Amino acid sequence: MDFNMKKLASDAGIFFTRAVQFTEEKFGQAEKTELDANFENLLARADSTKNWTEKILRQTEVLLQPNPSARVEEFLYEKLDRKVPSRVTNGELLAQYMAEAASELGPTTPYGKTLTRVAEAEKHLGAAERDFIHTASINFLTPLRNFLEGDWKTISKERRLLQNRRLDLDACKARLKKAKAAEAKATTVPDFQETRPRNYILSASASALWNDEVDKAEQELRVAQTEFDRQAEVTRLLLEGISSTHVNHLRCLHEFVESQTTYYAQCYRHMLDLQKQLGSSQGAIFPGTFVGTTEPASPPLSSTSPTTTVATMPVGPSVAGLAPAGEAALCLEEVAPPASGTRKARVLYDYEAADSSELALLADELITVYSLPGMDPDWLIGERGNKKGKVPVTYLELLS
């Protein structure tokens, strides 16, 4: 108990000394040991890394899970070290509702069949979203959290310890400065009179006491300087490790972009397949009409990456029932457009003809299109002036 009381009293004295030193520095009444410029730059870089990592982490969580209540629930499960329950995505929930509606309204009716097809596509979209969220959480969010909850806490702890060592060092410097000033005053201005030898003896004793105080203060300063230098070196090494953190976060960012690219490519593929299915079914339901694309006028996705090749705009199969390319070109020139059934179409994207049977297209131009018996539903015959050739439906927006 006696030992604990002594330690408590010692800790309280150190805390009080640091508080006095800190307060005097704030009011400009005490000198402060400044760190070198390189060290200050490392501190600023670390603080900036921490702040932006927090912002990126929070916004990525919002992107992956827009529902704030769900995010709070997942946070609580993680803090309680329990497994987060599986959650149905919005796409999967929509697919479930559409499938149930198709079953109740009649799965054999045109509306029921379409609901079933769309439900299947939405189910695939929901599954792709689930995979994307899982992959992004592991490859991107987890490393960011590990930095904030691990490395940054260690850096913060060592910085606080360095701050305490600096306060101790500056307090020792101030104590030594005061002791030297008192020693000089006792030496140069002795408080005695020649007729009173007793005062002379007292003054000499005070001078000796101040000499001992100066020696003690110098010894404490050397110890405080050593501890400060050691702690500064430890903190510097941790701050320099921020460069490795940037390299790790860069790798994680590449993986996040890769997973996001794969996710959107899968979504594009599923919706393109659905659009083709609906187009063929609509042609059967509403004969004599053409079904164009409802995609926005933006260029098709293209990439050389193996993970994103699914997002490229398909060229489509050759016209069914027609002759080979060379003969088809001759046949198309001889084919006359039908008396009725021609329509105007606006070209959405540039298209380069694969052979002489196809018609090259330029974005935003207007052409006349029509269909021939036995043609693949993904293709039409397009005319521009005296030029004629096959054109893919997915590159057109039918106007009238």
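Residues numbered from 1 in each chain as written. Predicted model: local features only at pLDDT ≥ 70, side-chain atom pairs only at ≥ 80, totals over all residues. Heavy atoms only, no water.

Secondary structure summary: the protein chain contains eight helices and five strands in total. Here the protein chain holds 400 residues, and the buried ones make up 32% of them. For the protein chain, contacts bridging at least 24 residues in sequence account for 71% of all contacts bridging at least 6. Total accessible area on the protein chain stands at roughly 24800 Å², and carbon and sulfur atoms take up 58% of it. (Helix = DSSP H or I, 4+ residues; strand = E, 2+ residues; numbered from the N terminus. Buried < 20%, exposed > 50% of the residue type's maximum accessible area, 1.4 Å probe, protein only. Contact = heavy atoms within 4.5 Å. Areas by Shrake-Rupley, 256 points an atom, 1.4 Å probe, with all protein chains shown as cover.)

Of note, Tyr370 is situated in strand E2 (residues 366–370). For Tyr370, a relative accessible area of 0% puts it in the buried group. Along the chain, Tyr370 and Ala345 lie 25 residues apart, while their C-alpha atoms are 9.9 Å from each other. Among the polar contacts made by the side chain of Tyr370, one reaches the side chain of Glu383 at a distance of 2.9 Å. (Polar contact = N/O pair within 3.5 Å; in protein donor to acceptor, adjacent residues only side chain to side chain.)

Take the pairing of strand E1 (residues 343–347) next. Of the two faces of E1, only one is covered, namely that formed by Arg343, Ala345 and Val347; the face formed by Lys344 and Arg346 stays uncovered. Inspection of the sheet shows E1 paired to E2 by four bridges, in the antiparallel sense. When the sheet's bridge partners are listed, Arg343 is paired in E2 with Val369. Pairing of E1 with strand E5 (residues 396–398), which is carried by three bridges, proceeds in the antiparallel orientation. From the neighbouring strand, Ala345 faces E5, where its bridge partner is Leu398. (Pairing = 2+ DSSP bridges.)

What follows concerns the confidence of the model for the protein chain. When the pLDDT values of the protein chain are averaged, the result is 79; 71% of them are 70 or greater. Within the protein chain, the lowest mean pLDDT, 49, falls on helix H8 (residues 325–334), and the highest, 95, falls on helix H2 (residues 37–64). Predicted confidence for residues 286–330 stays below pLDDT 50, and this span has 87 contacts to residues more than four positions away or in other chains. (pLDDT = per-residue confidence, 0-100.)

Next up on the list: the pattern of salt bridges. One pass over the full model with this rule turns up 13 salt bridges. Note that Arg175 and Glu220 form a salt bridge whose closest N and O atoms lie 2.8 Å from each other. Of this pair, Arg175 sits in helix H5 (residues 110–188) while Glu220 is found in helix H6 (residues 197–240), placing the two residues 45 residues apart along the sequence. Overall, the relative accessible area of 29% leaves Glu220 in the partly exposed class. In this structure, a network of salt bridges that share partners links the residues Arg346, Asp364 and Glu397. (Salt bridge = Lys/Arg side-chain N within 4 Å of Asp/Glu carboxyl O.)

Pairing within the open sheet is antiparallel, and its five strands lie in the order E4-E3-E2-E1-E5. One side of each edge strand has no neighbouring strand; the edge strands of this open sheet are strand E4 (387–392) and E5. The mean inter-strand angle of the sheet, taken between neighbouring strand axes irrespective of direction, is 40 degrees. Strand direction decides the pairing type here: strand E3 (residues 379–384) and E4, joined by six bridges, are antiparallel. Looking at the pairing, Leu380 lines up with Val391 of E4. (Axes fitted to C-alpha atoms, helices over the stretch in contact; angles between N-to-C directions.)

In terms of nonpolar packing, the biggest core is built from 34 residues, with Phe132, Phe140 and Leu239 touching the most fellow members. Contributions of two or more residues to this core are made by H2, H5, H6 and helix H7 (242–285). No other element matches H5, which puts 16 residues into this core. Among all residues touching Phe140, those that are not within four sequence positions of it are Ile56, Thr60, Thr135, Cys252, Leu253 and Phe256. With 20 residues, the next largest nonpolar core counts Leu361, Trp379, Tyr395 and Leu398 among its residues. (Core = buried A, V, L, I, M, F, W, Y, C linked by side-chain atoms within 4.5 Å.)

Of note, Asp364 is a non-glycine position whose phi angle comes to about 75 degrees, a positive value. Of note, Asp364 is situated in the loop between E1 and E2. For Asp364, a relative accessible area of 53% gives the class exposed.

Glancing now at helix H4 (residues 90–105). If you check H4, its first and last C-alpha atoms are 22 Å apart, about what 16 residues at 1.5 Å a residue would give, namely 22 Å. Gly106 sits one or two residues past H4 and shows a positive phi near 120 degrees. (Expected span 1.5 Å × (residues − 1).)

Next up on the list: the packing of aromatic side chains. Overall, the coordinates contain seven aromatic pairs when judged by the stated rule. Where Tyr263 meets Tyr264, the ring centres are 5.0 Å apart and the plane angle is 50 degrees; that geometry is what we call tilted. On the accessibility criterion, Tyr263 (14% relative accessible area) is buried. Between Tyr349 and Tyr395 the ring centres are 5.5 Å apart and the planes differ by 80 degrees, which places this aromatic pair in the edge-to-face class. Taken together, the residues span a long stretch of sequence, with Tyr349 in the loop between E1 and E2 and Tyr395 in the loop between E4 and E5 at a distance of 46 residues. Classification of Tyr349 by relative accessible area gives buried; the value is 5%. Among the aromatic residues, those joined into a ring-pair cluster are Phe132, Phe140, Phe256, Tyr263 and Tyr264. A cation over a ring is seen here: Lys390 above Trp379, with NZ or CZ 5.5 Å from the ring centre. (Phe/Tyr/Trp six-rings, centres within 6.5 Å; stacked < 30°, edge-to-face > 60°. Lys NZ or Arg CZ within 6 Å of the ring centre and 35° of its normal.)

Residues Val88, Leu93 and Tyr97 make up a contiguous nonpolar surface patch of about 280 Å² in total accessible area. With respect to the helices, strands and loops of the structure, Tyr97 is situated in helix H4. (Patch = residues over 30% accessible without salt bridge, like charges linked within 9 Å, V, L, I, M, F, W, Y side chains within 5 Å.)

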